Amino acid sequence: MEKEAEIEKLKKECIEFCKKSPLYKDGTFPVFGEGSLNADIMLVGEAPGYNESITGKPFCGAAGKILDELLEYAGLKREDIFITNIVKLRPPNNRNPTQEEIKSFAPFLDKQIEIINPKIICCLGNFSTGYIMKKFNLSNKLQGISKIHGQVFSVSTLFGTIKIIPLYHPAVVTYDANMKDVLKEDFKKLTKL
Ligand code: URA
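A brief structural summary. (Residues numbered from 1 in each chain as written. Predicted model: local features only at pLDDT ≥ 70, side-chain atom pairs only at ≥ 80, totals over all residues. Heavy atoms only, no water.)

## So, the site of the ligand
Rule in force here: One heavy atom within 4 Å of a molecule or strand is enough for the residue carrying it to be called near that molecule or strand. The term polar contact refers here to a pair of N or O atoms within 3.5 Å; inside protein, the definition further demands a hydrogen-donor-capable atom paired with an acceptor-capable atom, and it admits residues adjacent in sequence only when both atoms are side-chain atoms. For accessible areas, the Shrake-Rupley method is used with a probe of radius 1.4 Å. Any residue's cover is judged against the shown protein chains and nothing else.
Near the ligand you find Gly45, Glu46, Ala47, Glu52, Pro58, Phe59, Asn85 and His169, and these make up its full shell. Alanine 47 places a main-chain nitrogen or oxygen 3.1 Å from a nitrogen atom of the ligand. Between asparagine 85 and the ligand, the recorded distance is 2.7 Å, taken from a side-chain N or O atom to a nitrogen atom. Coverage of the ligand by the protein chains reaches 92% of its 240 Å² of free accessible surface.

Here's what the structure looks like:
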């Protein structure tokens, strides 16, 4: 099946799954993810916030603005990469996703990775980093994001080598403006890669 058809099928399945999820609320949208299906780089965030849940688009609120700035700094365009989250529905009051929620949504992220087959996966924040590193058998290298942000972990898969890069979640800049420079440094590595 073509990538477009595969991703459309998966999106439909994801929307049906979301409708039955305890996180589903009328008037809000699942945020499946968007971007190029031929992307070399995939960004994996945590879960939609308010703005994302009313538009269905990933990273379109405050954290999204920061992300756009960082992408521009790294010379990357949104349309050339693929952006998604582990959890596809907004947890109430933007609370952290539970392990149970992460587990229940993970098959959709797994399949997105399989279809898009990126060369680089950037994990935005601790939750995404934890899930992706465990998935790719990097549990022994897993530490808090303050310790491993910006490091590049190469893993061999059936489909080739994937580089996994944990990054701070862009929302961190809304709490501590100084963190923007740290994120910029890390995003610059993407340009080099
Ligand atoms: N934070 C995330 O992790 N994902 C979004 O889509 C928006 C904010």
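Moving on from the coordinates now.
## Overview of the packing of aromatic side chains
Definition in use: Each aromatic pair joins two rings of Phe, Tyr and Trp (for Trp, the six-membered one) with centres within 6.5 Å, and gets the label stacked for planes under 30 degrees apart, edge-to-face for over 60, and tilted for any other angle. Helical segments are the DSSP runs of H or I of at least four residues, strand segments are the runs of E of at least two, and each set is numbered from the N terminus. Burial classes follow relative accessibility: with a 1.4 Å probe on protein chains only, a residue under 20% of its type's maximum area counts as buried, one over 50% as exposed, and anything between as partly exposed.
Taken as a whole and assessed by the stated rule, the structure comprises 2 aromatic pairs. Geometrically, the ring pair formed by phenylalanine 17 and phenylalanine 105 is edge-to-face, given 5.3 Å between the ring centres and 80 degrees between the ring planes. Note that phenylalanine 17 is positioned in helix α1 (residues 3-19) and phenylalanine 105 in helix α4 (residues 99-116), a separation of 88 residues in sequence. What makes phenylalanine 17 partly exposed here is its relative accessible area of 30%.

## Section: the packing of α1 against α4
The line we're drawing: Here the axes come from fitting lines to C-alpha atoms, over the contacting stretch only for helices, and the angles between their N-to-C directions go from 0 to 180 degrees. Should an angle fall under 35 degrees it is taken as roughly parallel, and over 145 as roughly antiparallel, whereas 65 to 115 is taken as roughly perpendicular and any remaining angle as oblique. Contact definition: two residues touch when any of their heavy atoms are within 4.5 Å. Gly counts as polar in this scheme, as do all residues outside two lists: the nonpolar Ala, Val, Leu, Ile, Met, Phe, Trp, Tyr, Cys and Pro, and the charged Asp, Glu, Lys and Arg.
α4 packs onto α1 with a crossing angle of 175 degrees between their chain directions and a minimal axis gap of 10 Å. Comparing their axes, α4 and α1 come out roughly antiparallel. Residues Lys3, Glu6, Ile7, Leu10, Glu13, Cys14, Phe17 and Cys18 of α1 form the contact with α4, whose own contacting residues are Ser104, Phe105, Phe108, Lys111, Gln112, Ile115 and Ile116. For the contact of α1 with α4, the class distribution of residues is 9 nonpolar, 2 polar and 4 charged.

## So, the packing of helix α3 (residues 62-73) against helix α8 (residues 179-192)
The following threshold applies: Each crossing gets its handedness from the near helix: less than a right angle anticlockwise from the far helix is left-handed, clockwise is right-handed.
Two elements in contact, α3 and α8, have axes separated by 9 Å at closest approach and are oriented at 45 degrees. In terms of their interaxial angle, α3 and α8 are classed as oblique. Seen along the crossing, α3 lies across α8 with a hand that is right-handed. Across from Leu67, Glu69, Leu70, Leu71 and Tyr73 in α3, the residues of α8 making contact are Lys180, Leu183, Lys184, Phe187 and Lys188. When the residues that make up the contact of α3 with α8 are grouped by side-chain class, the tally is 6 nonpolar, no polar and 4 charged.

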